[in-house]
Each structure stands twice: as structure tokens, then as C-alpha cells.
Amino acid sequence: LGGRSFQFERYRMFVTDEFLNRFDSFIDSNAFKTIASQYNTDLPKFLSENSDKYIFGVLHQEGLGRLSMESKALLKSYGSKIDSIGFGDSWLFVIHGNKISTEMYSKSDVVRENVYLPIADNPNTIQLISGGHNTGNPMSSIKYNNIDYSLQKRGLNFLVLDSTGKVVNYINFDTYISDRFFFK
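The structure presented is a predicted model; accordingly, all values stated were derived computationally and were not measured.

(A) Here's a closer look at the overall build of the protein. Scanning the protein from terminus to terminus reveals 3 helices and 14 strands. With 184 residues in all, the protein has 48% of them scored as buried. Carbon and sulfur atoms form 46% of the exposed surface of the protein, whose accessible area is close to 9700 Å².

(B) View of the pairing of strand β13 (residues 167-173). Sheet topology places strand β12 (residues 155-161) next to β13; 6 bridges connect them, and they run antiparallel. The residue of β13 that forms the bridge with Phe-158 is Ile-171. Between the antiparallel neighbours β12 and β13 lie 5 residues, among them Gly-165 with a positive phi of about 95°.

(C) Main features of the nonpolar core. By size, the foremost hydrophobic cluster in this structure holds 22 residues, and its most contacted members are Leu-43, Phe-46, Leu-47, Trp-91, Ile-95, Leu-156 and Phe-158. Elements represented by at least two residues in this core include exactly α2 (43-49), β5 (54-61), α3 (69-77), β6 (90-96), β12 and β13. If we skip the residues at most four places from it in the chain, Leu-47 touches Ile-55, Leu-74, Leu-75, Tyr-78, Ile-95 and Phe-158. Counting residues in each nonpolar core, the second largest holds 16 residues, with Phe-56, Leu-92, Ile-126 and Leu-161 among its members.

(D) The arrangement of α3 in detail. Buried within α3 we find Ser-71, Leu-74 and Leu-75. Along α3, the residues classed as buried sweep out an arc of 100° about the axis, all on the same side. In this structure, α3 carries Met-69 and Ser-77 as exposed residues pointing more than 90 degrees from its buried face. Each element contacted by the buried residues of α3 is listed here: α2 and β6. Note on α3: the residue one or two positions beyond its end, Gly-79, has a positive phi of about 105°.

(E) Representation of the pattern of salt bridges in the model. Evaluated as defined, the whole model comprises 8 salt bridges. Across the pair Lys-45 and Glu-49 runs a salt bridge, and its minimum N-O distance is 3.9 Å. Of the two residues, Lys-45 and Glu-49 are both situated in helix α2; the distance of 4 residues between them amounts to about one turn of the helix. According to the relative accessible area criterion, Glu-49 is partly exposed, its value standing at 48%. Between Arg-180 and Asp-179 there is a salt bridge; the shortest N-O distance is 3.6 Å.

(F) Spatial organisation of the pairing of β5. Across the 8 residues of β5, 7 count as buried, placing the element largely inside the fold. Two elements, β5 and β6, share 5 bridges in a ladder whose sense is antiparallel. Across the sheet, the residue bridging to Ile-55 is Ile-95, located in β6. Taken together, the 7 bridges between β5 and β12 define a ladder with antiparallel strand orientation. In the sheet register, Val-58 faces β12, and the bridge partner there is Asn-157. Relative to strand β9 (residues 124-132), β5 runs parallel, the two being bridged by 2 bridges. Among the inter-strand pairings, His-60 is bridged to a residue of β9, identified as Gly-131.

Criteria and thresholds
Residues numbered from 1 in each chain as written. Predicted model: local features only at pLDDT ≥ 70, side-chain atom pairs only at ≥ 80, totals over all residues. Heavy atoms only, no water. Helix = DSSP H or I, 4+ residues; strand = E, 2+ residues; numbered from the N terminus. Buried < 20%, exposed > 50% of the residue type's maximum accessible area, 1.4 Å probe, protein only. Areas by Shrake-Rupley, 256 points an atom, 1.4 Å probe, with all protein chains shown as cover. Pairing = 2+ DSSP bridges. Core = buried A, V, L, I, M, F, W, Y, C linked by side-chain atoms within 4.5 Å. Contact = heavy atoms within 4.5 Å. Arc of directions from axis to C-beta. Salt bridge = Lys/Arg side-chain N within 4 Å of Asp/Glu carboxyl O.

Rendered as C-alpha cells:
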């Protein structure tokens, strides 16, 4: 699909490359910022493509508004309690081998968990923090080797590690709007 996303104060607008190419130049404005690193991959595809890796997920602010039925069904098939999580809740989870190995959520409190990563050559702990809108202090963190890989953006923030502990990816799906594309 391709294109550019423009972030306004309270909403985001996606414009396709086809539309942008109709103009000789696009007017920059202080009223919005351009998000140039948007990718057209949906959440189920992202999870499936990384099924052999460790996937760490934290919810920041709100992230279930536009989570598709396909995404919810896939997460439930991994063992998630996704149906128990509501608008503005805090939620963190770990997926490995198409199974949820860790999952915590709360209606009103920030949830925190230290997850031990059982890699023989590089055993490590990953600190996960999720604060939904209902906490009054939306936040997210995925700390690994003293680096926070959460993009700390609304929706689901992910860190993906391979079986050696190498960082493969860290991204955000703004699932308040859609789970059909992500940001780096």
C-alpha cells in the first residue's frame, strides 16, 4: 500500500502514495508531524512471522479499540485472556512458540513484570511495564540490557528477540486506530 501518515493533535490521517504523487510538492505544516516509518503489515501476520522468536508486548494508554477479530482470535489461540481486557486497561504479555508464557492485566493499575529469558549463552531479564489510560498515568516500557525498546506510543508496543537474545525488531501498532500497519 505505502503512503504517509500525518499525526494531528487527536487523530491520525493516512494518505496513500498514489494520492501524494498527484502533487508536485506537499506542503509541510507545524500543525502535524509526518511519520515516515509506517509499514503495511497487520498484527496477525507480524505475530505469525515471528512465531519462532520471543515476542514481548505492552499496551500503552489504549490499544483495543480497533483490534480486529482476526487478531483477537489468534491471541486467544495462543492462550491469551484478551476477552478480559477492556478499554484503557493495562496489559503485558510474552509469546514464544505460539503460546502465551506470561500475561498480566489490570483495570486500574500499572502492571509490571520481570521476565527471565532462558538463553544459555546470554541469560537475561526483561522488565515489562504497561499503564493503560485507566491508570491516570499511561506508560509503557520493555527494558532489555538497560535499553528501553518500547516506542511508548499509544497501542501495542513490541520487542522481538531471536533464540540467541539478539534484537530482531521493536515496533508499535496503534491498535486504537488499526492493527493493519505498524511504526518503527
